[in-house]
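The chain contents come next:
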Amino acid sequence: MTKFKDHKANYHTHIWLCRHASGRVVDYVKEAIKHNFNILGISDHAPFHVLDPYSQYRMTLDEFYNIYLHELDEGVNYGKKHGLTVYRGLEMEYFEGYDEHFHDLLAHLDYLILGQHYIPIKDRLVSVYALKTLDDIKIYANQVIKGLRSGYFSMLCHPDVCFWGIKNPTDEMYEALRPVIKECVKLNIPIEINANGIRRVELEEGLSARDYNSYKYPRPKFWQMVAEEGATAIVESDAHDPKVLNDFAIEIGYEFAKDMGVKVITELEFKENIYKKR
Ligand SMILES: [Zn+2]
Ligand SMILES: [Zn+2]
């Protein structure tokens, strides 16, 4: 069985630029080296102008070019000297009609991961932390499927975060996510068991991280569906602080996967990036 001490690669990693994380790229690189990682993927929240009226918790495009890419270079070089492969990535929402923006970013990166934190409802964007109804969940599922089909993303982050604001989702709500899981199987995109959701119940709410039913995400019922569909899971820190890159929540994440009966991969296969310019 895989244990957290065997967690040797992490692809969902934030840095200070998103304004709600701490640490520079090189701080995460040093932490990864300390834990004998083979691979560290940095994936801070992407600049995306469509989200500007809704949230400031991401780097600007200017910061992407003038700070992020330089920090990534520094991290890649530092890692190389210590036997750690560092990959350049971003966590990003998907919205239609912005292909040029995706191509511009991918020109400088190795991979993107899909973290859909906003969805279009009527004529505005709504935070996934505020979803309430079955219709909301269906819209969320559709938007995620569009993102998966875009071909830009190598991993689906925390799909069950859509239940954040719903204490007891109905069976129908869970079932509305089944097409997302099926799409991941079809496109061979792993689904993330997000350790940040596990971490947060303990650190923010004082609940036991050993009690799966205390999580707002990952939700056990959703992961039973993942097991039923035979989709692939990957345990990720979603680190917003270097010291949680390989913490207790990672360990519980692997136990959770085992208890849910889902198959876990530890290394991510990136989607082909034909836009890469270097
Ligand atoms: Zn974040
Ligand atoms: Zn994240």
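In this text, all values refer to a predicted model and were calculated from it rather than measured experimentally.

Trainee: What is the right way to read the overall build of the protein chain from this model?
Mentor: In terms of regular secondary structure, the protein chain is built from nine helices and 10 strands. Relative to the 2.2 N^0.38 estimate, which gives 19 Å for 278 residues, the radius of gyration of the protein chain is 17 Å and therefore close to what a compact globule would have. Its C-alpha atoms put the protein chain at 50 × 45 × 35 Å along the principal axes. Within the protein chain, buried positions represent 46% of all 278 residues. Excluding contacts between residues fewer than 6 apart, the proportion of contacts in the protein chain whose partners are at least 24 apart in sequence is 74%.

Trainee: Would you take a moment to explain the packing of helix α1 (residues 25–34) against helix α2 (residues 61–81) for this structure?
Mentor: Packed helices, taken two at a time, are described by the angle between their axes plus the distance between the axes. It is the contact of α1 with α2, at a shortest axis distance of 8 Å, that shows an interaxial angle of 25°. When the axis of α1 is compared with that of α2, the two are roughly parallel. Considering the relative orientation of α1 and α2, their crossing is right-handed. Together, Val-25, Val-26 and Val-29 of α1 and Glu-71, Leu-72, Glu-74, Gly-75, Tyr-78 and Gly-79 of α2 make up the contact between the two elements. Of the residues belonging to the contact of α1 with α2, the class tally is five nonpolar, two polar and two charged.

Trainee: How should I be thinking about unusual backbone geometry in this particular structure?
Mentor: For residues other than glycine, phi is negative in most cases, and the peptide bonds are mostly trans. Put simply, Tyr-217 and Pro-218 share a cis peptide bond, and its omega is -5°. With respect to the helices and strands, Pro-218 occurs in the loop between α7 (195–203) and α8 (220–229). Even without being glycine, Asn-36 reaches a positive phi, approximately 60°. Mapped onto the elements, Asn-36 comes out in the loop between α1 and β2 (39–45). Note on Asn-36: 13 C-beta atoms within 10 Å, which makes it partly exposed. Its identity as a non-glycine residue notwithstanding, Lys-122 has a phi of 55°, on the positive side. Relative to the assigned elements, Lys-122 resides in the loop between β5 (118–121) and β6 (124–127).

Rules behind the numbers
- Residues numbered from 1 in each chain as written.
- Chains lettered and ligands numbered in written order.
- Predicted model: local features only at pLDDT ≥ 70, side-chain atom pairs only at ≥ 80, totals over all residues.
- Helix = DSSP H or I, 4+ residues; strand = E, 2+ residues; numbered from the N terminus.
- Rg over C-alpha atoms; globule rule 2.2 N^0.38 Å.
- Buried ≥ 20, exposed ≤ 12 C-beta atoms within 10 Å, placed from the backbone.
- Contact = placed C-beta atoms within 7 Å.
- Axes fitted to C-alpha atoms, helices over the stretch in contact; angles between N-to-C directions.
- Parallel < 35°, antiparallel > 145°, perpendicular 65-115°, else oblique.
- Left-handed = near helix turned anticlockwise from the far one by under 90°.
- Nonpolar A, V, L, I, M, F, W, Y, C, P; charged D, E, K, R; others polar.

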